[in-house]
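# Descriptive analysis of the structure
These are the residues of each chain, in order.
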Amino acid sequence: MSSDTLTSTDGLPLDGVTVLDFTQVFMGPSCTQLLGDYGADVIKIERPGTGDLSRTSFPDRDGLDGPIFLAINRNKRSVCVDVRAPEGKEVILSLVRTADVVVSNFRGGVMERLGFGYEDLRTINPRLIWASGTGFGSAGPYSHKGGQDVISQAYSGVMWRRESPDLPLSVYATPLGDYTTGMHLLQGILLALFTRTRTGEGQKVEVSMYDSMLHMQMQEACAQLNRGYEVNWASMPLSGVFPTMDGAVCMVGAFKENPLRAVCAALEMDEDLSLREEYSTMEAQFQRRPQLQAIFRQRYAGNVTDHWIRRLEEQDILCAPVRTLEEALADEQTAVNGMIVDMNHPVAGKVRAVAAPILLSGARMAVRHCPPQLGEHSSEVLREHGFDDARIAALVESGVLR
């Protein structure tokens, strides 16, 4: 995707929507970046000195403009203001009066203590949509706890479920809880915006990592709640990850009348194991999964990945080579789908990042702003909201504004 930045939001679905973004790290910023990608004016509110914690979560040669921050903060403008100071609070309230959405992902109660709770802000802007993402929700025994991706994996049962109970418990390497909750937060905001077109009124939107991770397990949860048994997709008898001579193959032996027969044919076996009584039913295959998996591993180890992918595809068995992220990013499919966006950043130089995954026939995401430097747009945004240069200078002089 082109590195040229655009200034117009004409034709983008969220053109004219103003978002005050108090979020930081990943869950919230992933939500607000998508709002910005599709036309919203996202004003990122950051604390003096450090700003968004993702600016410094990994030491980087470019300091506050490292790739963790750059990944999730394009199409935003940064206002650096001390919101705890009375003058800083007045700045925020001035912005709220014309905002459409306020988004935060602090612990429950933080926005209220700052004076920016839903009931506080709706009195000055009844059309405001107040959206909050927390770890556990605004009530209940865990509501006081801080939310974090790995913690949500542990609390929700996701971490406990693994291919085999013999395997050690471990952290999933990609932040499932953060990303899933960020997307639920986005959905809630869009639902509230849609509702406002009919009612003219704003509303409160709340999501939590805990709820999002439970929701992700809706199939497994329904089986547990209603039948008392566990569904574990990683322990299916004809599926798994199998090392080859030069890598590994992921195979899903399912969605066929007799998938074991097809697997045996693909693996060039002399015998159709589905004809054996001990493997003839799905129940029997579950009971003897270790034996089947051992047979598969032995076969896969005898040839290279490309060979087995070709053989599996000839039998119409779902399969894939197990690749690194670097290999996936370099794949032709990634380029065809337009999933890499290029930006020219004033500090970091040329930046490449993952683009928005939502393709609309009537509009395409546009890069209007590179991820902002801390406080880059403070004066610009305040002027747009009626602050004159003398007042802005006084705020800067007092340390309230940067």
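A brief report on the enclosed structure follows. (Residues numbered from 1 in each chain as written. Predicted model: local features only at pLDDT ≥ 70, side-chain atom pairs only at ≥ 80, totals over all residues. Heavy atoms only, no water.)

## Section: the environment of Ala71
If you trace the backbone, Ala71 turns up in the loop between helix H2 (67-70) and strand E3 (76-80). Sequence separation of Ala71 and Phe26 is 45 residues, and the distance between their C-alpha atoms is 9.4 Å. (Helix = DSSP H or I, 4+ residues; strand = E, 2+ residues; numbered from the N terminus.)

## A closer look at helix H13 (residues 305-314)
For H13, the complete set of buried residues consists of Thr305, His307, Trp308, Ile309, Arg311 and Leu312. Residues of H13 that are buried in the fold lie against strand E8 (248-252), helix H10 (259-266), helix H12 (289-300) and strand E9 (318-321). (Buried < 20%, exposed > 50% of the residue type's maximum accessible area, 1.4 Å probe, protein only. Contact = heavy atoms within 4.5 Å.)

## Comments concerning the nonpolar core
Counting 32 residues, the largest nonpolar core has Val19, Leu35, Val101 and Ile189 as its most contacted members. Of all the elements in the fold, those that place two or more residues in this core are helix H1 (27-37), strand E4 (101-104), strand E5 (129-134), helix H7 (176-199), strand E6 (204-208), strand E10 (340-345) and strand E11 (349-354). A per-element tally of this core places H7 first, with 6 residues. Leu35 has contacts with Leu14, Val19, Ala40, Val42, Leu186, Ile189 and Leu190, leaving out every residue within four places of it along the chain. Counting residues in hydrophobic clusters, the runner-up holds 31 residues, among them Leu20, Val96, Phe116 and Ile392. (Core = buried A, V, L, I, M, F, W, Y, C linked by side-chain atoms within 4.5 Å.)

## Considering the pattern of salt bridges
Enumeration over the complete set of coordinates arrives at 20 salt bridges. Between Arg77 and Glu384 there is a salt bridge, with the nearest N and O atoms lying 2.9 Å from each other. Of this pair, Arg77 sits in strand E3 while Glu384 sits in helix H16 (residues 378-384), and the two are 307 residues apart along the sequence. Looking at Arg77, the relative accessible area reads 5%, which means it is buried. Asp100 is paired through a salt bridge with Arg196; the nearest N and O atoms lie 2.9 Å apart. You can see Asp100 sitting in the loop between helix H3 (86-96) and E4 and its partner Arg196 sitting in helix H7, a full 96 residues away along the chain. With respect to burial, Asp100 and Arg196 carry one shared label: buried. One network of salt bridges, in which partners are shared, links Asp41, Arg77, Glu380 and Glu384. (Salt bridge = Lys/Arg side-chain N within 4 Å of Asp/Glu carboxyl O.)

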